[in-house]
Amino acid sequence: MRKSILFLLLAVFMLFCAVAPPVVNAATYHSYRTRARHKTFKRVGIGAAGGAAIGAIAGGGKGAGIGALAGGGAGYVYDRYKKHHRRY
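All residue numbers refer to positions counted from 1 along the written sequence of the respective chain. Side-chain atom pairs in this predicted model are given and counted only at pLDDT of 80 or more, local residue features only at pLDDT of at least 70, and totals for whole chains, interfaces and linings cover all residues. Computation of side-chain values: all heavy atoms of the structure, hydrogens and water removed.

Peer 1: Help me out: how do you make sense of the overall build of the protein in this one?
Peer 2: Counting its secondary structure elements, the protein contains 2 helices and 0 strands. A buried classification covers 17% of the 88 residues belonging to the protein. When the accessible surface of the protein is split by element, carbon and sulfur atoms take 70% of a total near 7500 Å². Only DSSP runs of H or I reaching four residues or more are called helices, and only runs of E reaching two or more are called strands; each is numbered from the N terminus. Exposure classes here rest on a 1.4 Å probe applied to the protein chains alone. A residue is buried below 20% of its type maximum, exposed above 50%, and partly exposed in between. The method behind every accessible area is Shrake-Rupley, applied with a 1.4 Å probe, and residues are considered shielded solely by the protein chains displayed.

Structure follows, in structure tokens:
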């Protein structure tokens, strides 16, 4: 009984948070740096995910960790390359 009441309260709270209007200015401005940082995170994340997948196939759990580190590093190097050549 107690779990169902807590679940109901949590669901109602999440509903009102999702429906409530945001309390920010109507005109939000995303600078170039914000977009560039998000692209960097995306490239590093994709590299890490790909490296983890290949590492998991090749070597199991430990290989997935090593592959994620290697893939994340490769994604970061690729991001630096793209920024240097102004094809960002």
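Peer 1: Would you explain the pattern of salt bridges in this entry?
Peer 2: Pairs can form between side chains of opposite charge whenever their charged atoms are close. Throughout this description, the term salt bridge denotes a Lys or Arg side-chain nitrogen within 4 Å of a carboxyl oxygen of Asp or Glu. Going through the model one piece at a time under the given rule, you end up with 3 salt bridges. With a shortest N-O distance of 3.0 Å, D79 and R43 are connected by a salt bridge. Taken as a pair, D79 and R43 share a single burial class, namely buried. With a shortest N-O distance of 3.4 Å, R80 and D79 are connected by a salt bridge. Residue classification places R80 among the partly exposed residues on the basis of a relative accessible area of 37%. A cluster of three or more residues bridged by salt bridges with shared partners is formed by R43, D79, R80 and K83.

Peer 1: Can you walk me through the side chain of T40 in this structure?
Peer 2: Note on placement: T40 falls in helix 2 (residues 32-84). Definition of a polar contact: a pair of N or O atoms within 3.5 Å, with one able to donate and the other able to accept a hydrogen when the atoms are protein atoms, and with sequence-neighbouring residues admitted only if both atoms are side-chain atoms. A distance of 3.1 Å separates the side chain of T40 from the side chain of K83, its partner in a polar contact.

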